[in-house]
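Below, each chain spelled out in residue letters.
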Amino acid sequence: MPMRRGVVVLAPLGLSCALLGLVPVPAARASCAGPVVAVGETVDDARAPVSGVLPAPGADVTVSGVGFHTGCDDTGQGAGCSAPASTEAPMRDVELVLQQGDRSWTLGTQDAAPRDERYAIIWTGQVPPEARPGPATLRAGSSGLPVQISG
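Predicted model, so just to flag it, every value in this text is computed and none were measured.

### Some words on the side chain of H69
Residue position: H69 is located in strand 4 (residues 69-70). On the accessibility criterion, H69 (17% relative accessible area) is buried. Of note is the side chain of H69, whose polar atom sits 3.2 Å from the backbone oxygen of G71.

Okay, structure coming up:
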């Protein structure tokens, strides 16, 4: 039983030292998620799509996205008087590009909405008539979404 007594004594001691700052505790790590795009008028960034379906070449299409900003305010610090000033800003002139094989087409260019609108963008355009039914990728900022072009 001497082993249990040592654990019982050391556990509260270790907790007390950590609370008093005598033992270093690893800092929380934070990161800003990248932008997310989806085919359609809305995107759920909590459940980002892993793929999408585009209409046939020549048809109208709407693509939406969120998270299009520069900077990263995800530092783990709370709001208030001592909170640092925001470093995030909506991205400007964000191109939506459809890439298929060695060809690519710019489907539109838009500015992101402000922070309170989740830095959202909605692009409307047409699937290029030169695109072929089959796999392709939509790219905007640092996001990429595999899509299937309908036939």
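Once you've had a look at it, read on.
### A few points about the pairing of strand 6 (residues 94-100)
Within strand 6, five of the seven residues are buried, which leaves it mostly tucked inside the rest of the structure. Of the pairings in the sheet, the one linking strand 6 to strand 7 (residues 103-110) comprises seven bridges and is antiparallel in character. From the neighbouring strand, V97 faces strand 7, where its bridge partner is T106. Where strand 6 folds back on strand 7, the antiparallel hairpin that results is connected by two residues, among which G101 adopts a positive phi of roughly 60°. Looking at chain direction, strand 6 and strand 9 (residues 134-140) are connected through four bridges and run antiparallel. By the bridge assignment, L96 is partnered in strand 9 with A140.

### Notes on the nonpolar core
One finds L54, F68, L98, W123 and L138 to be the most contacted residues of the largest nonpolar core, which totals 22 residues. When residues of this core are traced back to their parent elements, those giving at least two are strand 3 (60-66), strand 6, strand 7, strand 8 (121-126), strand 9 and strand 10 (143-149).

What counts as what
Counting of residues starts from 1 at the beginning of each chain's written sequence and follows it residue by residue. Note on the predicted model: pLDDT of at least 70 is required for a residue's local features to be given, and 80 or more for side-chain atom pairs to be given and counted; whole-chain, interface and lining totals, by contrast, use all residues. The side-chain values count all of the structure's non-hydrogen atoms but skip hydrogen atoms and water molecules. Here a helix means four or more residues in a row that DSSP labels H or I, a strand means two or more in a row labelled E, and each is numbered from the N terminus. Only protein chains enter the accessibility calculation, which uses a 1.4 Å probe. A residue is then buried if its area is under 20% of the maximum for its type, exposed if over 50%, and partly exposed in between. Two N or O atoms form a polar contact when they lie within 3.5 Å of each other; inside protein one atom must be a possible hydrogen donor and the other a possible acceptor, and for residues adjacent in sequence the pair counts only when both atoms belong to side chains. When DSSP finds at least two bridges between two strands, those strands are taken to pair. Here, nonpolar core means buried Ala, Val, Leu, Ile, Met, Phe, Trp, Tyr and Cys residues that are tied together by side-chain atoms lying within 4.5 Å of each other.

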